[in-house]
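Observations on chain architecture
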Amino acid sequence: MMTSTQMRAARALLGIDQRQLAELSGVSLPTIRRMETSDGNVRGNVDSLVKVVEALGRAGVDLIGDDVPSPEGGRGVRLRLRARRDPA
């Protein structure tokens, strides 16, 4: 669903830290930290993962999966043009 690299990149695009992502998603800070240290795909409770993905989406980040067409392929993140720049 999402890699730890995508999660960190999404935060960077939004200019937020782990604590702010925890607040936006309703997931604890230790959980966010564990998710970001996952190797490859984020590991953890599915409910927590869904909350984080939804929070990133509300803040304006699109997660690009392996199956999404792109010129070079691969995973990534994209900040939508009308994204809120200050989600906090």
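Residues numbered from 1 in each chain as written. Predicted model: local features only at pLDDT ≥ 70, side-chain atom pairs only at ≥ 80, totals over all residues. Heavy atoms only, no water.

With that out of the way, let us pick up the overall build of the chain. Scanning the chain for helices and strands turns up 4 helices and 2 strands. Counted from the first residue to the last, the chain has its helices and strands arranged as α-α-α-α-β-β. Out of the 88 residues in the chain, the part that is buried amounts to 39%. If you take every contact in the chain between residues at least 6 apart in sequence, the share linking residues at least 24 apart comes to 57%. Total accessible area computed for the chain in this model is approximately 5400 Å², and 49% of it derives from carbon and sulfur atoms. (Helix = DSSP H or I, 4+ residues; strand = E, 2+ residues; numbered from the N terminus. Buried < 20%, exposed > 50% of the residue type's maximum accessible area, 1.4 Å probe, protein only. Contact = heavy atoms within 4.5 Å. Areas by Shrake-Rupley, 256 points an atom, 1.4 Å probe, with all protein chains shown as cover.)

On to helix H3 (residues 29-36), then. All of the buried residues along H3 are Leu29, Thr31, Ile32, Met35 and Glu36. Each buried residue of H3 lies within a common arc of 160 degrees when the element is viewed along its axis, so the set occupies one face. Elements that come into contact with the buried residues of H3 comprise helix H1 (4-14), helix H2 (18-25) and helix H4 (46-59). (Arc of directions from axis to C-beta.)

Turning next to the nonpolar core. In this structure, Met2, Met7, Leu14, Leu21, Ile32, Val52 and Leu56 are the most contacted members of the largest nonpolar core, which totals 18 residues. In terms of residues, this core owes the most to one element, H4, which gives 4 residues. Those residues in contact with Ile32 that sit more than four places away from it in its chain are Met7, Gln18, Leu21, Ala22, Ser25, Val27 and Val52. (Core = buried A, V, L, I, M, F, W, Y, C linked by side-chain atoms within 4.5 Å.)

Those residues of H2 not exposed but buried are Leu21, Ala22 and Ser25. All buried residues of H2 project into a common sector of 105 degrees when viewed along the axis, lining one side. Where H2 begins, one side-chain oxygen reaches toward the backbone nitrogen of Arg19, 3.2 Å away; that side chain belongs to Asp17. Just downstream of H2, Gly26 is the residue with a positive phi angle, here 75 degrees. (Polar contact = N/O pair within 3.5 Å; in protein donor to acceptor, adjacent residues only side chain to side chain.)

The next thing to look at is the confidence of the model for the chain. Confidence in the prediction of the chain, expressed as mean pLDDT, is 86, and 80% of residues score 70 or more. Across the chain, H2 holds the top mean pLDDT of 98, while strand E2 (residues 76-79) sits lowest at 78. (pLDDT = per-residue confidence, 0-100.)

Bringing the pattern of salt bridges into the picture now. All chains considered together, the criterion is met by 2 salt bridges. The partner of Arg11 in a salt bridge is Glu36, with the nearest N and O atoms 2.6 Å apart. Of the two residues, Arg11 is situated in helix H1 and Glu36 in helix H3; the sequence distance between them amounts to 25 residues. Looking at Arg11, the relative accessible area reads 14%, which means it is buried. Between Asp47 and Lys51 there is a salt bridge, with its nearest N and O atoms 3.6 Å apart. With a gap of 4 residues between them, Asp47 and Lys51 both fall in helix H4, about one helical turn apart. Judged by relative accessible area, which is 33%, Lys51 ranks as partly exposed. (Salt bridge = Lys/Arg side-chain N within 4 Å of Asp/Glu carboxyl O.)

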